[in-house]
Amino acid sequence: MAIGWMTGGIIWGRPILCVFVRPSRYTYSRLEEVGEFTVNVLPPEFKEAVDYCGTVSGRTKDKFAETGLKPVTAQKVKVPVIEQGIVHYECVVVHKNDVQPQFLAKEIAESAYPQGNYHRVYFGEIVAAYADIEKVEQLRQK
């Protein structure tokens, strides 16, 4: 999936990425089953592929075949990373929690959840992180 809502930091003394996934998404069922995920940062030339992945469900389409993105074996988790990525984070879910509407600011609930489809927040411990430094430097120089 193309992740739109993510944050990271040190939680419980561990490097953590939190991703927000709605129960209606195919990714939700995959995360519940596997308990691992990767976050892959793609260079700008893959914007259309990322947009496609964010608007089409993996339940009905093979996003890799449709976009030309290539899954490759990750270093430490069972799920793949994307070959064209320039930065990769491999994560193991160490906690998950549902957004609680009764504790959410009313204006956020109204704007982000008009149909009530509240996210589950997955806390993934980063077990591997690596980058293609040459490609990252090329982007920084642009």
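Preceding this section is the structure that the text describes.
Anyway, here's the lowdown on the structure attached to this text. It should be emphasised that the depicted structure is a prediction, and the values quoted were computed from it without experimental measurement. (Residues numbered from 1 in each chain as written. Predicted model: local features only at pLDDT ≥ 70, side-chain atom pairs only at ≥ 80, totals over all residues. Heavy atoms only, no water.)

With respect to helix α1 (residues 26–34)
Buried within α1 are the following residues: T27, Y28 and L31. Buried residues of α1 fall within an arc of 105° about the axis and therefore sit on the same side. Elements in contact with the buried residues of α1: β2 (14–21), β3 (36–41), β6 (87–98) and β7 (120–131). Positive backbone phi, at 75°, marks G35, one or two positions downstream of α1. (Buried < 20%, exposed > 50% of the residue type's maximum accessible area, 1.4 Å probe, protein only. Helix = DSSP H or I, 4+ residues; strand = E, 2+ residues; numbered from the N terminus. Arc of directions from axis to C-beta. Contact = heavy atoms within 4.5 Å.)

Description of the nonpolar core
In this structure, L17, V19, V21, Y28, L31, F37, V39, C91, Y122 and I126 together form the largest nonpolar core, which totals 10 residues. Among the elements of the structure, β2, α1, β3 and β7 are those that each provide at least two residues to this core. Residue contributions to this core peak at 3 residues, all from β2. In contact with L31, other than residues within four places in its own chain, are V21, E36, F37, V93 and Y122. Among the nonpolar cores identified, the runner-up in size contains 7 residues, and V99, A112, Y113 and V121 belong to it. (Core = buried A, V, L, I, M, F, W, Y, C linked by side-chain atoms within 4.5 Å.)

Describing the sheet that holds β7
A sheet is described by the order of its strands in space; here 5 strands give the open sequence β1-β2-β7-β6-β3, paired in antiparallel fashion. The open sheet has two edge strands with one neighbour each: β1 (6–11) and β3. For this sheet, the mean inter-axis angle between neighbouring strands, taken without regard to orientation, is 35°. Pairing of β2 with β7, which is carried by 6 bridges, proceeds in the antiparallel orientation. Pairing of V19 across the sheet is with Y122, part of β7. Of the strands in this sheet, β2, β3, β6 and β7 are in contact with α1, which crosses β7 at around 75°. (Pairing = 2+ DSSP bridges. Axes fitted to C-alpha atoms, helices over the stretch in contact; angles between N-to-C directions.)

Details of a nonpolar patch on the surface
A surface patch of nonpolar side chains, about 240 Å² in accessible area, is lined by M1, I3 and M6. If you trace the backbone, M6 turns up in strand β1. (Patch = residues over 30% accessible without salt bridge, like charges linked within 9 Å, V, L, I, M, F, W, Y side chains within 5 Å. Areas by Shrake-Rupley, 256 points an atom, 1.4 Å probe, with all protein chains shown as cover. Salt bridge = Lys/Arg side-chain N within 4 Å of Asp/Glu carboxyl O.)

Let's talk about the packing of aromatic side chains
Each pair of aromatic rings is reported with the distance of its centres and the angle of its planes. Under the definition given, this model contains 5 aromatic pairs. Measuring from centroid to centroid gives 6.4 Å for Y28 and Y122, while their planes differ by 70°, and the two rings are edge-to-face. Residue Y28 is found in helix α1, and its partner Y122 is found in strand β7; the two are separated by 94 residues along the sequence. Here Y28 and Y122 have matching classes, each one buried. (Phe/Tyr/Trp six-rings, centres within 6.5 Å; stacked < 30°, edge-to-face > 60°.)

Quick notes on the pairing of β3
In regular strands, side chains alternate between the two faces of the sheet. Among the 6 residues in β3, 5 count as buried, and that is most of the element. Pairing geometry for β3 and β6, over 6 bridges, is antiparallel. Looking across to β6, one finds that E36 is bridged to V92.

None of this, on its own, says anything about what the molecule does.
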